[in-house]
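A look at the structure
Read off the chains here:
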Amino acid sequence: PAHALNVEFYVAEADRMGLGMGETVRVGCDGCPAGLTGKVTFLASDPQYTSPIIYSREERAQLVFLAEATLDNPGRILPGQPVTVSLAP
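Residues numbered from 1 in each chain as written. Predicted model: local features only at pLDDT ≥ 70, side-chain atom pairs only at ≥ 80, totals over all residues. Heavy atoms only, no water.

**Concerning the overall build of the chain**
Put simply, the rule is: Helix and strand assignments come from DSSP, with helices taken as H or I runs of at least 4 residues and strands as E runs of at least 2, each series counted from the N terminus. Exposure classes here rest on a 1.4 Å probe applied to the protein chains alone. A residue is buried below 20% of its type maximum, exposed above 50%, and partly exposed in between. Note on definitions: a residue-residue contact is assigned when non-hydrogen atoms from the two residues lie within 4.5 Å. Only the protein chains shown count as cover for residues, with accessible areas throughout obtained via the Shrake-Rupley method and a probe of 1.4 Å.
Scanning the chain from terminus to terminus reveals 0 helices and 6 strands. The helix and strand sequence of the chain, counted from the amino end, reads β-β-β-β-β-β. Taking all 89 residues of the chain together, the buried fraction comes to 28%. Considering only contacts within the chain whose residues lie at least 6 apart along the sequence, 67% involve residues at least 24 apart. About 6100 Å² of surface is accessible on the chain, with carbon and sulfur atoms providing 53% of the total.

**Concerning the environment of Glu68**
Its place among the elements puts Glu68 in strand S5 (residues 63–71). Residues Glu68 and Phe42, spaced 26 residues apart in sequence, show a C-alpha to C-alpha distance of 5.0 Å. Sequence-distant contacts of Glu68, defined by excluding residues within four places in its chain, comprise Asn6, Val7, Glu8, Phe9, Lys39, Val40, Thr41 and Phe42.

**Observations concerning the side chain of Arg16**
The following threshold applies: Here the positive residues are Lys and Arg and the negative ones are Asp and Glu; neither His nor the chain ends is included. Whenever Lys or Arg places a side-chain nitrogen within 4 Å of a carboxyl oxygen from Asp or Glu, that contact is recorded as a salt bridge.
Along the polypeptide, Arg16 turns up in the loop between strand S1 (6–12) and strand S2 (24–28). It turns out Arg16 is buried and unbridged, and the closest side chain with the opposite charge, Glu23, is 8.6 Å from it. Sequence-distant contacts of Arg16, defined by excluding residues within four places in its chain, comprise Val11, Leu43, Ala44 and Phe65.

**Considerations on the nonpolar core**
Generally speaking, a soluble globular protein has its nonpolar side chains buried in company with each other. Under the convention used in this document: As used here, the term nonpolar core means buried Ala, Val, Leu, Ile, Met, Phe, Trp, Tyr and Cys residues forming a set that is joined through side-chain atoms within 4.5 Å.
Formed by 16 residues in total, the largest nonpolar core has its most connected members in Phe9, Leu19, Val25, Val27, Ala67, Leu71 and Ile77. Every element with two or more residues in this core is listed here: S1, S2, strand S3 (36–43) and S5. Residues contacting Ala67, with those up to four places away along its chain left out, are Val7, Glu8, Phe9, Val11, Leu19, Phe42 and Leu43.

**Side note on the pairing of S1**
For clarity, the cut-off: At least two bridges found by DSSP between two strands is the condition for calling them paired.
Every second residue of S1 is oriented toward a common face, the buried set being Val7, Phe9 and Val11 and the non-buried set Asn6, Glu8, Tyr10 and Ala12. Where S1 lies against S5, 7 bridges are found, and the strand directions are antiparallel. Paired with Phe9 across the bridge in S5 is Ala67.

**Details of the environment of Pro47**
As for its placement among the helices and strands, Pro47 is situated in the loop between S3 and strand S4 (48–49). Counting along the chain gives 34 residues from Pro47 to Glu13, while the straight-line C-alpha distance between them is 8.0 Å. Filtering out sequence-adjacent residues up to four positions away, Pro47 remains in contact with Leu63, Val64 and Phe65.

Shown next, in the form of structure tokens:
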């Protein structure tokens, strides 16, 4: 169901300290309406290595932390759809 969709994303080690539980993030994807947001509901305490399938425009650091956000209004995001996540101002 739409209300059960979460976004999983990876946070680079250098950016980990700047992200907190309950913080608002912006979520974007191809074909999604503008202005999607979510709240951070999980931050891994142990680092992971970058997944071999991360859709990115930039080179990723090898050491990253898994995070999850619950979408405020998921709109038409499909399960498994690649997204771009950034901190909300």
